[in-house]
Amino acid sequence: MELKFRRNADYQSLRDEMTPEGTFMNRRSVLTAAGFLGAGSILGALPACSEPQQTPAAPKTAAGHAAPGAALTAKKSAFAVSDTSTVEEAFNGYCNFYEFGTSKDDPPRYASRMTTSPWQVTVEGETDAPGAYALKDLIDYSKLEERVYRHRCVEAWSMVIPWVGVPMKDVIAKLKPKATAKFVQFETYLNAKEMFGVNRPVLQWPYVEALRLDEAMNELPLFAVGAYGKALQKQNGAPLRTVIPWKYGFKATKSVVKIRFTATQPGTAWNKAAASEYGFYSNVNPNVSHPRWSQASERVIGGKGGFNERRNTDMYNGYEKQVGALYAGMDLKKNY
Ligand SMILES: Nc1nc2c(c(=O)[nH]1)N[C@H]1C(S)=C(S)[C@@H](COP(=O)(O)O)O[C@H]1N2
Ligand SMILES: [Mo]
């Protein structure tokens, strides 16, 4: 039963991504709403992006952190790819957040139901600073930076996203992992009343992902609280998500409520669902195919060529210089 559901969901996302003709209308509505097909005038008549973004009346929530859509001040950083950023409407309108359903336009429609204030992050496990942290105590909103990173989904599509956040390594240092901590696991908010998708056994809920601690302490990973100069919209993982640009997108955990330091390798959502397809590492690697499709190239979402634009996928998504040493000597075909 569980396996069947999993296969179906998997198949559906594969079909969404791999056979454009099968979902042409669906994708077309997203792209049209985003203005890619030059029909901006019908924006609002289409379901995919018809729900207004959650632009708040007040920039701050009662809990003291920025509300979805609120303008954020961030200093530009040297971490930026030169490609044009994906249009914001595509980032907001074409999402994976299975807690709200498995179609790309389910999260933009339904994530507004998620409560994101107050927001607490529980820190536990191998740490000298366990506890429940209010978001504003975990993330220093006066030190936000903008980093334009590539985003590569395992389904072979990509975006370029100007994230706003803080280096993960700075937050982790504050959380004092013990010498015994070798991994860090992130857990997503779970509320069956607000997230209809969790009533289906697509994945084992809550969504969890993890990194080796030295990966997490690399200079690249972010705790993001925003994108495009604004606090994250709920469908993109408000109010706090991880960003690990050299890994497939599913390694990023949306709407993080728990950070757990462990001595041994913790479970991860997609690995538990299908270990033969999704490994613990999940580094972007054009030379290691997914069992059901090639990873050598990717469809550029919102690119100039409409949805037919493709680019070749880069090793470690273009971040080999920064992260290659983390995997020196490892067999990348076995440790996929
Ligand atoms: N909790 C949770 N986090 C998640 C997912 C999810 O379904 N649930 N999907 C992942 C996948 S597959 C991708 S590609 C990215 C998508 O992020 P975006 O929709 O903001 O572009 O979120 C990742 N994080
Ligand atoms: Mo993904």
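All residue numbers here refer to positions counted from 1 along the written sequence of the relevant chain. To read the labels, note that chains go from A and ligands from 1, taken in the order they are written. Selection of residues for local features in this predicted model requires a pLDDT of at least 70, selection of side-chain atom pairs for listing and counting requires 80 or more, and totals for whole chains, interfaces and linings are taken over all residues. Side-chain measures were taken over the full set of non-hydrogen atoms in the model, leaving aside hydrogen atoms and water.

**Focus on the overall build of the protein chain**
Line of reasoning, step 1. A tally of helices and strands in the protein chain yields 9 helices and 13 strands.
Line of reasoning, step 2. Burial here depends on accessible area, computed with a 1.4 Å probe over protein chains only, as a share of the maximum for the residue type. Under 20% is buried, over 50% is exposed, and the range in between is partly exposed. Within the protein chain, the proportion of its 336 residues that are buried is 56%.
Line of reasoning, step 3. Throughout, a contact is declared for two residues whenever any of their heavy atoms are within 4.5 Å. Partitioning the intrachain contacts of the protein chain with sequence separation of at least 6 by distance along the chain shows that 72% fall at a separation of at least 24. For the purposes of this entry, the term helix denotes a DSSP run of H or I that reaches at least four residues, the term strand denotes a run of E that reaches at least two, and both are numbered from the N terminus.

**A closer look at the pattern of salt bridges**
Line of reasoning, step 1. One side-chain nitrogen of Lys or Arg within 4 Å of one carboxyl oxygen of Asp or Glu is enough to make a salt bridge. The full count for this structure, using the stated rule, is 20 salt bridges.
Line of reasoning, step 2. Between Asp-128 and Lys-178 there is a salt bridge; the shortest N-O distance is 2.7 Å. Highlighted residues: Asp-128 in the loop between strand S2 (120-125) and strand S3 (131-134) and Lys-178 in the loop between helix H6 (168-174) and strand S6 (183-188), separated in sequence by 50 residues.
Line of reasoning, step 3. By relative accessible area, which is 34% here, Lys-178 ends up partly exposed.

**Quick notes on the site of ligand 1**
Line of reasoning, step 1. Only a single heavy atom is needed: when it lies within 4 Å of a molecule or strand, its residue is near that molecule or strand. Around ligand 1 sit 16 residues in total, of which Tyr-98, Glu-99, Arg-241, Ala-252 and Lys-254 are the nearest.
Line of reasoning, step 2. Here a polar contact is recorded for every N or O atom pair within 3.5 Å, except that within protein the pair must consist of a potential hydrogen donor and a potential acceptor, and residues adjacent in sequence are included only if both atoms are side-chain atoms. With respect to ligand 1, the side chain of Asn-236 contributes an N or O atom lying 3.0 Å from an oxygen atom.
Line of reasoning, step 3. In this structure, Arg-241 approaches ligand 1 through a side-chain N or O atom, which is 2.7 Å from an oxygen atom.
Line of reasoning, step 4. Protein coverage of the free-state accessible area of ligand 1, which is 540 Å², stands at 98%.
Line of reasoning, step 5. Three residue categories are used. Nonpolar comprises Ala, Val, Leu, Ile, Met, Phe, Trp, Tyr, Cys and Pro, charged comprises Asp, Glu, Lys and Arg, and polar comprises the others, including Gly. Its residues placed into classes, the shell around ligand 1 shows 8 nonpolar, 5 polar and 3 charged. Accessible areas in this description were obtained via Shrake-Rupley with a 1.4 Å probe; residue shielding takes into account the shown protein chains only.

**Description of the sheet that holds strand S7 (residues 208-212)**
Line of reasoning, step 1. What makes two strands pair is DSSP finding at least two bridges between them. The 5 strands lie next to each other as S3-S2-S11-S6-S7, forming an open sheet whose pairing is mixed. Unpaired on one side and paired on the other, S3 and S7 mark the two borders of the sheet. Pairs of neighbouring strands in the sheet enclose a mean axial angle of 20°, with direction left out of account.
Line of reasoning, step 2. Inspection of the sheet shows S2 paired to S3 by 4 bridges, in the antiparallel sense. If you follow Thr-122 over to S3, its bridge partner there is Ala-132. A fitted line through C-alpha atoms represents every axis, and for helices the fit uses only the stretch in contact; the resulting angles, taken between N-to-C directions, go from 0 to 180 degrees.

**Quick look at the pairing of S7**
Line of reasoning, step 1. In terms of burial, S7 is largely enclosed, as 5 of its 5 residues are buried.
Line of reasoning, step 2. Where burial is concerned, the two faces of S7 agree: the one with Val-208, Ala-210 and Arg-212 and the one with Glu-209 and Leu-211 are both buried.

**Section: the nonpolar core**
Line of reasoning, step 1. For this analysis, a nonpolar core means a set of buried residues of the types Ala, Val, Leu, Ile, Met, Phe, Trp, Tyr and Cys, connected via side-chain atoms within 4.5 Å. Core analysis: the largest hydrophobic core is formed by 85 residues, its most contacted members being Ile-139, Trp-163 and Ile-259.
Line of reasoning, step 2. With 6 residues, strand S5 (residues 157-167) is the largest single contributor of residues to this core.
Line of reasoning, step 3. Contact partners of Ile-259, with chain neighbours within four places excluded, come to Val-121, Thr-122, Val-123, Glu-124, Leu-138, Leu-175, Val-184, Gln-185, Phe-186 and Phe-223.

**Observations regarding the side chain of Thr-116**
Line of reasoning, step 1. Turning to its location among the elements, Thr-116 is positioned in the loop between helix H4 (106-110) and S2.
Line of reasoning, step 2. Sequence-distant contacts of Thr-116, defined by excluding residues within four places in its chain, comprise His-65, Pro-68, Lys-234, Ala-238 and Pro-239.

**Re the environment of Glu-155**
Line of reasoning, step 1. As for its placement among the helices and strands, Glu-155 is situated in the loop between strand S4 (145-153) and S5.
Line of reasoning, step 2. A sequence separation of 138 residues divides Glu-155 from Trp-293, and the C-alpha atoms of the two residues are 8.6 Å apart.

**Regarding the environment of Phe-280**
Line of reasoning, step 1. For Phe-280, the location among the structural elements is in the loop between helix H8 (269-273) and strand S12 (297-300).
Line of reasoning, step 2. Here Phe-280 falls in the buried class, since its relative accessible area comes to 7%.

**Things to note about unusual backbone geometry**
Line of reasoning, step 1. Cis geometry marks the peptide bond from Ser-117 to Pro-118; its omega dihedral reads 0°.
Line of reasoning, step 2. Mapped onto the secondary structure, Pro-118 falls in the loop between H4 and S2.
Line of reasoning, step 3. With an omega of -5°, the peptide bond running from Trp-205 to Pro-206 counts as cis.
Line of reasoning, step 4. Secondary-structure assignment places Pro-206 in the loop between S6 and S7.
Line of reasoning, step 5. With a phi angle near 70°, Ala-156 is a residue other than glycine that sits in the positive phi range.
Line of reasoning, step 6. With respect to the helices and strands, the residue Ala-156 is situated in the loop between S4 and S5.

**Some thoughts on the confidence of the model for the protein chain**
Line of reasoning, step 1. Values of pLDDT, ranging from 0 to 100, describe the predictor's confidence in every residue of the model. Per-residue pLDDT for the protein chain has a mean of 86; in total, 82% of the residues score no lower than 70.
Line of reasoning, step 2. Low pLDDT (under 50) marks residues 1-51, which in the prediction has 68 contacts with non-local residues, meaning those over four places away or in another chain.

**Details of the packing of aromatic side chains**
The geometry of two aromatic rings is summed up by the distance between their centres and the angle between their planes.
Line of reasoning, step 1. Here a pair means two rings of Phe, Tyr or Trp (six-membered ring of Trp) with centres within 6.5 Å. Their orientation is stacked below 30 degrees between planes, edge-to-face above 60, and tilted elsewhere. Going through the model one piece at a time under the given rule, you end up with 16 aromatic pairs.
Line of reasoning, step 2. Here the aromatic rings of Tyr-149 and Tyr-319 are separated by 5.6 Å at their centres, their planes lie at 80°, and the arrangement is edge-to-face. Of this pair, Tyr-149 sits in strand S4 while Tyr-319 is found in the loop between strand S13 (310-312) and helix H9 (320-323), placing the two residues 170 residues apart along the sequence. In this pair, the class of Tyr-149 matches that of Tyr-319, namely buried.
Line of reasoning, step 3. Through a chain of ring-to-ring contacts, three or more aromatic side chains come together here, namely Phe-183, Phe-280, Tyr-281, Tyr-316 and Tyr-327.

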